[in-house]
Amino acid sequence: MKSYSLKIQVRNNHLLSIMRINGFDTAAELSRATGVSQGIIGQFLNLSVSAVMKTGEWKPSLIKLADFLRVTPDMLIPPQHVEAPLHTNRAEMEMSMVEAMQLTSLTGTADELTDSTHTTFLESERTEGLHEFLATRITEREERVIRYRFGLDGEKKTYDQIGKLMGLTRERIRQIEKKGLARMRSAIPRESNTDRICGLLTDWAQDQSIEVATGITPKHIH
């Protein structure tokens, strides 16, 4: 199960931007100023109705809004939605922590966004695979130490920092980490999808500065 549930609402930024330029932040405010029903303005904002009548002419309510805002009607509606309203302007999807962090930091050109989205998907798949593997192949204490140690849920922590969080000595944390990594290594050959798990662990180990040769051996992190 992913960590977050993301709700997306698509709105008509053509109308919304011009409203804000004129000092109107809500449909209610614009409705009071123009006399156009708040519900109708809401429909235009949500792109839930056609902007034209069956005759192809602009709807009178949109013309009234355009006149008040001192623009032409076509400036208030995205061209692709003049005759094609959205069936729904809301969606909800599950999202992992990695995906959420990537989404909120996306910037750049369309090509860069595409590349970043693809990278986000791969990174999320890898991270979730590792989390699932950790949760089912080592003890809860070992999983907690390894998560802290290699920053799977945030910043990497030292043995001393983890010891303080868990009420254990530095040496005990090191022993738990060693045992957990050994258990992970011994579990790999028994996996039905060995290549995938090995690949996940190898990629993860490389990212976390762990040497993977005959086994998984962590470098010391002070």
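Preceding this section is the structure that the text describes.
(A) The arrangement of the packing of helix α1 (residues 13-21) against helix α3 (residues 38-45) in detail. At a minimum axis separation of 8 Å, α1 and α3 run at an interaxial angle of 125 degrees. With respect to α3, the axis of α1 lies oblique. Seen from α1, the contacting residues are L15, L16 and M19; seen from α3, they are I41, F44 and L45. Residue composition of the contact of α1 with α3, grouped by class: six nonpolar, no polar and no charged.

(B) Spotlight on helix α7 (residues 140-150). All buried positions along α7 are accounted for by E142, E143, V145, I146, R147, R149 and F150. Positive backbone phi, at 65 degrees, marks G151, one or two positions downstream of α7.

(C) Region of the structure containing the packing of aromatic side chains. All chains considered together, the criterion is met by one aromatic pair. Sitting above the plane of the Y159 ring, R149 keeps its charged end 3.6 Å from the centroid.

(D) Just the pattern of salt bridges, in detail. Following the criterion strictly, the structure yields three salt bridges and no others. In this structure, the salt-bridge partner of E171 is R174, at a minimum N-O distance of 2.6 Å. Here R174 and E171 lie together in helix α9 (residues 170-187), a separation of three residues that amounts to about one turn.

Scoring rules and cut-offs
- Residues numbered from 1 in each chain as written.
- Predicted model: local features only at pLDDT ≥ 70, side-chain atom pairs only at ≥ 80, totals over all residues.
- Heavy atoms only, no water.
- Axes fitted to C-alpha atoms, helices over the stretch in contact; angles between N-to-C directions.
- Helix = DSSP H or I, 4+ residues; strand = E, 2+ residues; numbered from the N terminus.
- Parallel < 35°, antiparallel > 145°, perpendicular 65-115°, else oblique.
- Contact = heavy atoms within 4.5 Å.
- Nonpolar A, V, L, I, M, F, W, Y, C, P; charged D, E, K, R; others polar.
- Buried < 20%, exposed > 50% of the residue type's maximum accessible area, 1.4 Å probe, protein only.
- Phe/Tyr/Trp six-rings, centres within 6.5 Å; stacked < 30°, edge-to-face > 60°.
- Lys NZ or Arg CZ within 6 Å of the ring centre and 35° of its normal.
- Salt bridge = Lys/Arg side-chain N within 4 Å of Asp/Glu carboxyl O.

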